[in-house]
Amino acid sequence: MAGTVENRQQLRMAMLREVAYHADLFYIQAQSIGAKAAKALKEGNRGRSQITGLEAIANSALKTTDVLDFIKNQAARHSEWRKDGWGVELLEYLSKDLRQKKDIICSKEKLGIDPQSIDGLEVHLQLIRTFIHQVAAHFEFTRFLTDQEAANDSDA
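Residues numbered from 1 in each chain as written. Predicted model: local features only at pLDDT ≥ 70, side-chain atom pairs only at ≥ 80, totals over all residues. Heavy atoms only, no water.

### Some remarks on the packing of aromatic side chains
Here's step 1: The tally for this structure, following the rule as stated, stands at six aromatic pairs.
Here's step 2: Judged by centre distance (6.4 Å) and plane angle (85°), the rings of Phe26 and Tyr93 are edge-to-face. One end of the pair, Phe26, is in the loop between α1 (2-25) and α2 (27-40); the other, Tyr93, is in helix α5 (residues 86-106), with 67 residues separating them in the sequence.
Here's step 3: An aromatic cluster of three or more residues is present, and its members are Phe26, Tyr93 and Phe131. (Phe/Tyr/Trp six-rings, centres within 6.5 Å; stacked < 30°, edge-to-face > 60°. Helix = DSSP H or I, 4+ residues; strand = E, 2+ residues; numbered from the N terminus.)

### Overview of the packing of α2 against α5
Here's step 1: The interhelical angle for the contact between α2 and α5, taken along N-to-C directions, is 150°, at an axis separation of 9 Å. Judged by the inter-axis angle, α2 sits roughly antiparallel to α5. Where α2 crosses over α5, the two elements pack in a sense that is left-handed. Touching Gln29, Ser32, Ile33, Lys36, Ala37 and Ala40 of α2 are Trp86, Glu89, Leu90 and Tyr93, all from α5. (Axes fitted to C-alpha atoms, helices over the stretch in contact; angles between N-to-C directions. Parallel < 35°, antiparallel > 145°, perpendicular 65-115°, else oblique. Left-handed = near helix turned anticlockwise from the far one by under 90°. Contact = heavy atoms within 4.5 Å.)

### As for the pattern of salt bridges
Here's step 1: Scanning all chains against the criterion turns up nine salt bridges.
Here's step 2: In this structure, Lys39 engages Asp84 in a salt bridge whose closest nitrogen and oxygen atoms are separated by 3.9 Å. Of this pair, Lys39 sits in helix α2 while Asp84 sits in the loop between α4 (64-77) and α5, and the two are 45 residues apart along the sequence.
Here's step 3: The partly exposed category is assigned to Asp84, whose relative accessible area is 44%.
Here's step 4: Each of Arg12, Glu122 and Arg129 takes part in salt bridges that share partners, so that together they form one network. (Salt bridge = Lys/Arg side-chain N within 4 Å of Asp/Glu carboxyl O. Buried < 20%, exposed > 50% of the residue type's maximum accessible area, 1.4 Å probe, protein only.)

### Regarding the side chain of Gln50
Here's step 1: Looking at where Gln50 falls in the secondary structure, it is placed in helix α3 (residues 46-60).
Here's step 2: The residues touching Gln50, leaving out its near neighbours within four places in the chain, are Leu41, Gln74, His78 and Trp81.

### Details of the packing of α3 against α4
Each packed pair of helices is defined by two parameters, the angle between the axes and the distance between the axes.
Here's step 1: With their axes 9 Å apart at the nearest point, α3 and α4 run at an angle of 155° to one another. In terms of their interaxial angle, α3 and α4 are classed as roughly antiparallel. When the axes of α3 and α4 are compared, the crossing they make is right-handed. Mapping the contact onto sequence places Gln50, Gly53, Leu54, Ile57 and Ala58 in α3 and Asp66, Val67, Phe70, Ile71 and Gln74 in α4.
Here's step 2: Here the residues of the contact of α3 with α4 sort into six nonpolar, three polar and one charged. (Nonpolar A, V, L, I, M, F, W, Y, C, P; charged D, E, K, R; others polar.)

### Some remarks on a nonpolar patch on the surface
Here's step 1: Judged by side-chain polarity, Phe141, Phe144 and Leu145 come together as a nonpolar surface patch covering roughly 290 Å² of accessible area.
Here's step 2: In this fold, Leu145 is placed in helix α6 (residues 118-155). (Patch = residues over 30% accessible without salt bridge, like charges linked within 9 Å, V, L, I, M, F, W, Y side chains within 5 Å. Areas by Shrake-Rupley, 256 points an atom, 1.4 Å probe, with all protein chains shown as cover.)

### Section: the side chain of His138
Here's step 1: Tracing the backbone shows His138 in helix α6.
Here's step 2: When its relative accessible area of 8% is taken as the criterion, His138 is described as buried.
Here's step 3: Apart from residues lying up to four places away in sequence, His138 is in contact with Tyr27, Ala30, Gln31 and Gly34.

### Some thoughts on the nonpolar core
Here's step 1: Val67, Trp81, Trp86, Leu90, Leu94, Val123 and Phe131 are the most contacted members of the largest nonpolar core, which totals 41 residues.
Here's step 2: The set of elements that each furnish at least two residues to this core consists of α1, α2, α3, α4, α5 and α6.
Here's step 3: No other element matches α6, which puts nine residues into this core.
Here's step 4: Leaving out residues up to four positions away in the same chain, Leu90 has contacts with Ile33, Leu54, Ile71, Trp81, Phe131 and Val135. (Core = buried A, V, L, I, M, F, W, Y, C linked by side-chain atoms within 4.5 Å.)

Printed below as a string of structure tokens:
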């Protein structure tokens, strides 16, 4: 039994390493979507609370469809999520591009696990969480820069 626990721990660490590696590869895409979100959700704290809600859903979700359905609902209900297409772009990236990255990570050359297994789905969920975390960071930073520019313009 101890070997099984040790193997699970090794698999978990390998999964986290692979997700971290791929997170560096999708940084630019997260930056782009985060900037679009900041531009679209610029009204007060409402935008911030929507991004915080997205992060909360991603962090608490037990399955990827929880996150994807949340984004679909937000895009359907809030015009800000449709502005510049960032909500749909986010949905497509999470459901298509990250699914492909999951398949690569799960492949025989990497982890050697079935992409449709519980572990494979966990890889996809970790990729989604990491990507959304990056989007939120870029959202906050873009809003900070925008606020800074506005303050500098009003001082001039």
